[in-house]
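Survey of secondary and tertiary structure
Listed below are the residues making up each chain.
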Amino acid sequence: MRFALNNEVEAYWEGLRDGRPMPARSEIDPRGIDRALGHTFILEKVAPGMARFRLAGQHLNRLMGMDVRGMPVSALLGAESRPEFALHLKDLFDGKTTLRIALHAKGGLGRPALGAEMILLPLNDPATGIDRALGCLVSDGQLGTAPRRFTITDIRTRGLIQPVQQIPAFVEDPAPFAPRPAPPARRPKLRLVSDRTDAPHPS
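Below is a short write-up of the structure.

What counts and what doesn't
- Residues numbered from 1 in each chain as written.
- Predicted model: local features only at pLDDT ≥ 70, side-chain atom pairs only at ≥ 80, totals over all residues.
- Heavy atoms only, no water.
- Helix = DSSP H or I, 4+ residues; strand = E, 2+ residues; numbered from the N terminus.
- Buried < 20%, exposed > 50% of the residue type's maximum accessible area, 1.4 Å probe, protein only.
- Expected span 1.5 Å × (residues − 1).
- Arc of directions from axis to C-beta.
- Contact = heavy atoms within 4.5 Å.
- Salt bridge = Lys/Arg side-chain N within 4 Å of Asp/Glu carboxyl O.
- Phe/Tyr/Trp six-rings, centres within 6.5 Å; stacked < 30°, edge-to-face > 60°.

All right, on to the environment of Ala11 then. Structurally, Ala11 is set in helix α1 (residues 4-17). Owing to a relative accessible area of 48%, Ala11 belongs among the partly exposed residues under this scheme. Through-space distance from the C-alpha of Ala11 to that of Ile33 is 9.7 Å; in sequence the pair is 22 residues apart.

Under the 1.5 Å per step criterion, the end-to-end length of α1 is 20 Å for 14 residues, consistent within 8% with the ideal 20 Å. For α1, the set of buried residues is Leu5, Asn6, Val9, Glu10, Tyr12, Trp13, Leu16 and Arg17. Across the axial projection of α1, the buried residues extend over an arc of 155°, all falling on one side. In this structure, the buried side of α1 is in contact with β1 (40-47), β3 (97-105), β4 (114-125), β5 (129-140) and β6 (151-159). Downstream of α1 by one or two residues, Asp18 has phi in the positive range, about 50°.

Attention shifts here to the pattern of salt bridges. If you walk through the whole model with that rule in mind, you get 19 salt bridges. Close ionic contact of Lys90 with Asp94 constitutes a salt bridge, the shortest N to O distance being 2.9 Å. The exposure class of Asp94 is partly exposed, given its relative accessible area of 36%. Several salt bridges converge on common partners, so that one network encompasses Glu10, Glu14, Arg17, Arg100, Glu117, Asp154, Arg156 and Arg158.

As a further point, take the environment of Pro147. Residue position: Pro147 is located in the loop between β5 and β6. With relative accessibility at 27%, the residue Pro147 sits in the partly exposed group. Sequence separation between Pro147 and Ala75 is 72 residues, and the spatial gap between their C-alpha atoms is 9.6 Å. Once residues within four sequence positions are removed from consideration, Pro147 is found in contact with Leu63, Met64 and Arg111.

For the rest of this paragraph, the subject is the packing of aromatic side chains. The tally for this structure, following the rule as stated, stands at one aromatic pair. Taking the centre distance of 5.3 Å and the plane angle of 80° together, the rings of Phe41 and Phe53 count as edge-to-face. With Phe41 in strand β1 and Phe53 in strand β2 (residues 50-56), the pair connects residues that are 12 residues apart, well separated along the chain. As far as the burial class goes, Phe41 and Phe53 line up, both buried.

Given below as structure tokens:
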């Protein structure tokens, strides 16, 4: 498949989340996606609909012709695609969806037409919430002269299953319905019996 590395990263993310809406960012281990490391990156949310590269593989640097760390992820896109991307990025960091984005860069002098696909997968943090995303961008073709900027040709979203709040089942107190223990047997009262014979005899 053209973008098989994206599938590998997504499968790794799915394995980590293990039925949860998303894994924690502390669970990401580069050794689990070593084949795709040059194409992967971590985004950091800076505002609703905005994120910057926190970490990035060499493929991203070659596409832009510079170290992309600290740059907004929207720098990969042409101006016409940025508003739509911002809306979907907001949903991603709201914990609603994952994103799989088809991209195309037009050809020109020293720049052959270039297709690419990017996936974005949210990550949770118990202290700060959903403020990171794991991403992977794979291109198909000659990179040509950097920087390369893309137009979005398709966005596929996948809704995340939100955790169901577990409500404790109502359990009635069995005490009111339990048979009361039998009261302890009462000891018979002692009665004084006199054996005196000097009592006056009734006349």
